[in-house]
There are 2 protein chains.
Amino acid sequence: MNWISNSEILIVGLGLMGGSYAKALTRLGYRVAAIDRDPEAIAYALEHGIIQAGAADAMPSLIQGADAVIFALYPTAFKEWIASYQHLLKPGALLTDVTGVKACVVYDIQAMLRNDVEFIAAHPMAGREVSGVQNADDRIFLNANYIVTPTEANSPEAIEWCKSLGRLLGFRRISTLSPEEHDEMIGFVSQLTHCIAVALMTCNDNRHLADYTGDSFRDLTRISRINEKMWSELFLLNKTELLEQMDRFIGELSAFRSMLEQDDREGLMQKMRLSTERRSYFDQ
Amino acid sequence: MNWISNSEILIVGLGLMGGSYAKALTRLGYRVAAIDRDPEAIAYALEHGIIQAGAADAMPSLIQGADAVIFALYPTAFKEWIASYQHLLKPGALLTDVTGVKACVVYDIQAMLRNDVEFIAAHPMAGREVSGVQNADDRIFLNANYIVTPTEANSPEAIEWCKSLGRLLGFRRISTLSPEEHDEMIGFVSQLTHCIAVALMTCNDNRHLADYTGDSFRDLTRISRINEKMWSELFLLNKTELLEQMDRFIGELSAFRSMLEQDDREGLMQKMRLSTERRSYFDQ
């Protein structure tokens, strides 16, 4: 299946990400349907023209009619859905997702999936500090990264199809990683940073400090407004990798602390020169 | 002295902050002179109309002519300058500064200062990731906090004068703290966050990750491009307070890590709910 204009696309899970996908695809002229267990999310999306059809149950006709299905569920719910409803999928349908962890999801789904449909996983690295279809916004894709994580079970055609979706949505950069490489990377650049932001906010009853914070503190804690159900699930599903990243970071910060304690100004300056040099690559 | 239009203002130390003060005060119509040991900084500022007079030495006439002197030096250099040149100050001159640590500077300066001049300390909580008068920008003050840190040695008139300067420069919020309160606050909201950003950048040879970072990682590491000479001095001068803040943060992050290790999903979610609640106060 290509991204031809008469394709019917089903989005399963109509929260912030599902809703943002729906907005973009509707804007691009596709026929977009959605399933979400929350009837209010479906009603809102229908009312606002974000989807053309919707159901609060796994409505067979919507599932059977879809050429492409995009899963925007939490990982556990995603697996349960496949187990329960995959018999309804149209033969030849292509499936993709937005899940933030990969190794613990992709292989299980592919192993249980029917042979006449294909699941190709992707992680759109975009989001907001708020949730729900009411906050959906397809501009969040524009400056963001989109990562496809194929396995040996995937066909070159499905991989290309999945990349095309990222291009359609307007992502700045499309790349390919193995599920394991993805999880290591995400443990560092996304999960560890969220843990740090949360700990910075909870380590100190700092409400009275709101008056004095500059951009630094605000930047470091922006992501501490966090959907606790989703992120606790993502952290636990990537636990081994995240623990390793946390240990590495805590070790490094403790080493910096020791230099300070020992008045090792040259050591502190070396670390700062290294961070300055490395950070400069991120601004190129 | 009030901020009347024929005042002559001397800025000692013409880097990013001194230069940004100079830009703002020149724009407001004051006569602004500067002293910096780097003749190129002075030449640049004269050429670009940022100052009306300048010297690469402690030119007596410029010091003697100033009704107000703004010190934008590193803390140690600031004390040395006062010891060497305070005999040149005009009787009745008002002195202020931009130094990022207070208790270790304010009392020493006030103790050594002549009785016919007054030093009232302030900390403009603004900055950029680049340094030098070439990067000076007086728009950095507009959304920022300005903190005056008076002691018993200060007169109500000087405190009011110093606050007026913050208002003139366009700061969003002007407040007053004791030097000790300031140092505790700054240890948390500014110094700890810079240590975290540096450690996040140095804990992992992550150059290849630049392609995959989203806004979270960029936000948390923006301030890891850092002037190592200035910040190592500020960290060491506020060592006791900063060590305490680092210990508190490392302890909190380690507790979060243990919850993850023990699959304590409810504990993780509680922390995230707390961080979400607290962070919301910062967005009001």
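This text goes with the structure placed above it.
Small disclaimer: the values here were computed from a predicted structure and weren't measured.

Novice: Would you explain the overall build of chain A in this entry?
Specialist: Regarding its fold elements, chain A presents eleven helices and nine strands. Relative to the compact-globule value of 19 Å for 284 residues, chain A shows a C-alpha radius of gyration of 21 Å, a close match. Per-residue burial over chain A gives 60% buried out of 284 residues. Sequence separation of at least 24 residues holds for 69% of the intrachain contacts in chain A that already meet a minimum separation of 6. Surface exposure of chain A reaches about 11200 Å², of which carbon and sulfur atoms provide 47%. In chain A, 27 side chains carry a positive charge and 38 a negative one; their mean positions are 4 Å apart.

Novice: In this structure, what is going on with unusual backbone geometry? I would like to understand it.
Specialist: Among all residues except glycine, the phi angle is most often negative; among peptide bonds, the trans geometry is most common. Even without being a glycine, D263 of chain A presents a positive backbone phi close to 55°. Mapped onto the fold, D263 of chain A is located in the loop between helix 10 (239-261) and helix 11 (265-282).

Novice: So what exactly am I meant to see when it comes to the environment of W81 of chain A here?
Specialist: Residues and elements named next belong to chain A. With respect to the helices and strands, W81 occurs in helix 4 (residues 75-85). Sequence spacing of W81 and V12 is 69 residues, and the spatial spacing of their C-alpha atoms is 9.1 Å. The residues touching W81, leaving out its near neighbours within four places in the chain, are V12, A58, I63, F71, L73 and Q86.

Novice: What exactly am I supposed to notice about the relation of the copies chain A and chain B here?
Specialist: Each copy of the chain is related to the other by a rotation around an axis and a translation along that axis. Once turned by 180° and shifted 0.0 Å along the axis, chain A lies on chain B with an RMSD of 0.0 Å. One copy is carried onto the other by what is essentially a two-fold rotation axis.

Novice: Help me out: how do you make sense of the pattern of salt bridges in this one?
Specialist: Opposite charge on two side chains permits pairing when their charged atoms draw close. All names here are of chain A. Applying the stated criterion to the full structure yields 36 salt bridges over all chains. As a salt-bridge pair, D108 and K79 come within 2.7 Å of each other at their nearest N and O atoms. Of this pair, D108 sits in helix 5 (residues 103-112) while K79 is found in helix 4, placing the two residues 29 residues apart along the sequence. A relative accessible area of 37% means that D108 is categorised as partly exposed.

Novice: In this structure, what is going on with the environment of A68 of chain B? I would like to understand it.
Specialist: Residue position: A68 of chain B is located in strand 4 (residues 68-71). Each C-alpha atom of the pair A68 of chain B and L94 of chain B lies 4.9 Å from the other, and the pair is 26 residues apart in sequence.

Novice: Would you take a moment to explain the interface of chain A and chain B for this structure?
Specialist: Often, the extent of an interface is quoted as the loss of accessible area upon association of its parts. At the junction of the two partners, chain A supplies 84 residues and chain B supplies 83 residues. Summed over both sides, the interface of chain A with chain B buries roughly 8800 Å², with 66% coming from carbon and sulfur. For the chain A face of the interface with chain B, the top three residues by lost area are Y212, R279 and F282 of chain A, together amounting to 9%. Linking chain A with chain B are twelve salt bridges, by the criterion used here. One salt bridge in this structure joins D205 of chain A and R278 of chain B, with 3.8 Å as the shortest N-O distance. Inspection of the region where chain A meets chain B yields 33 residue pairs in polar contact (both at pLDDT 80 or more). Broken down by secondary-structure element, the contributors of at least two residues to the side of chain A that touches chain B are strand 8 (145-148), strand 9 (173-176), helix 7 (179-202), helix 8 (215-221), helix 9 (228-237), helix 10 and helix 11 of chain A. Of the residues forming the side of chain A that touches chain B, the biggest block, 16 residues, is contributed by helix 10 of chain A. Residues that form the side of chain A that touches chain B fall into these classes: 38 nonpolar, 19 polar and 27 charged.

Novice: Before we go on, may I ask you to explain the packing of helix 10 of chain A against helix 11 of chain A in this structure?
Specialist: A pair of packed helices is captured by two measures, namely the crossing angle of their axes and the spacing between those axes. All names here are of chain A. Close contact between helix 10 and helix 11 brings their axes to 8 Å; oriented N to C, the two are set at 145°. When helix 10 is examined against helix 11, the residues E252, F256, M259 and L260 are found in contact with a partner set consisting of G267, L268, K271 and M272. A class-by-class count of the residues in the contact of helix 10 with helix 11 yields five nonpolar, one polar and two charged.

Novice: How should the sheet that holds strand 6 (residues 118-119) of chain B be read in this particular structure?
Specialist: Consider a sheet: its strands pair through backbone hydrogen bonds, and that pairing is either parallel or antiparallel. All names here are of chain B. Taken in spatial order, the six strands of this open sheet run 3-2-1-4-5-6, and their pairing is parallel. If you trace the sheet from one side to the other, it starts and ends with strand 3 (53-55) and strand 6, each paired once. Bridge count between strand 1 (residues 8-12) and strand 2 (residues 31-35): five bridges; the pairing is parallel. Bridge pairing links L10 to A33 in strand 2. Sheet strands in contact with helix 1 (residues 16-27) are strand 1, strand 2 and strand 4, and its direction is about 165° off that of strand 1.

Novice: Explain the sheet that holds strand 5 (residues 94-97) of chain A here, please?
Specialist: Residue and element names in this part refer to chain A. Here we have six strands laid out as an open sheet, ordered 3-2-1-4-5-6, and parallel in their pairing. With one partner strand each, in any of the chains shown, strand 3 (53-55) and strand 6 (118-119) form the two edges of the open sheet. Each of strand 4 (68-71), strand 5 and strand 6 touches helix 6 (residues 156-169); the most contacted strand, strand 5, lies at about 50° to it.

Novice: Would you explain the nonpolar core in this entry?
Specialist: The nonpolar side chains of a soluble globular protein tend to be buried, and buried together. Formed by 132 residues in total, the largest nonpolar core has its most connected members in L95 and F249 of chain A together with L95 and F249 of chain B. Once residues lying within four places of it in the same chain are set aside, the contact partners of L95 of chain A are V69, F71, I82, L89, L113, V117, E118, F119, I120 and W161 of chain A.

Novice: Explanation requested: the pairing of strand 1 (residues 8-12) of chain A in the structure shown.
Specialist: Each regular strand displays side chains that alternate between the two surfaces of the sheet. Residue and element names in this part refer to chain A. Along strand 1, four of the five residues are buried, which leaves the element largely enclosed by surrounding structure. Assessed by its sense of winding, the connection that carries the chain from strand 1 through helix 1 (residues 16-27) to strand 2 (residues 31-35) is right-handed. Bridge count between strand 1 and strand 4: four bridges; the pairing is parallel. Paired with I11 across the bridge in strand 4 is I70.

What counts, and where the lines are drawn
Residues numbered from 1 in each chain as written. Chains lettered and ligands numbered in written order. Predicted model: local features only at pLDDT ≥ 70, side-chain atom pairs only at ≥ 80, totals over all residues. Heavy atoms only, no water. Helix = DSSP H or I, 4+ residues; strand = E, 2+ residues; numbered from the N terminus. Rg over C-alpha atoms; globule rule 2.2 N^0.38 Å. Buried < 20%, exposed > 50% of the residue type's maximum accessible area, 1.4 Å probe, protein only. Contact = heavy atoms within 4.5 Å. Areas by Shrake-Rupley, 256 points an atom, 1.4 Å probe, with all protein chains shown as cover. Lys, Arg positive; Asp, Glu negative; His and termini not counted. Charge placed at Lys NZ, Arg CZ, Asp CG, Glu CD. Least-squares fit on C-alpha atoms with pLDDT ≥ 70 in both. Salt bridge = Lys/Arg side-chain N within 4 Å of Asp/Glu carboxyl O. Buried area = accessible area lost by both parts, 1.4 Å probe. Polar contact = N/O pair within 3.5 Å; in protein donor to acceptor, adjacent residues only side chain to side chain. Nonpolar A, V, L, I, M, F, W, Y, C, P; charged D, E, K, R; others polar. Axes fitted to C-alpha atoms, helices over the stretch in contact; angles between N-to-C directions. Pairing = 2+ DSSP bridges. Core = buried A, V, L, I, M, F, W, Y, C linked by side-chain atoms within 4.5 Å. Right-handed = clockwise from strand over helix to strand, strands pointing away.

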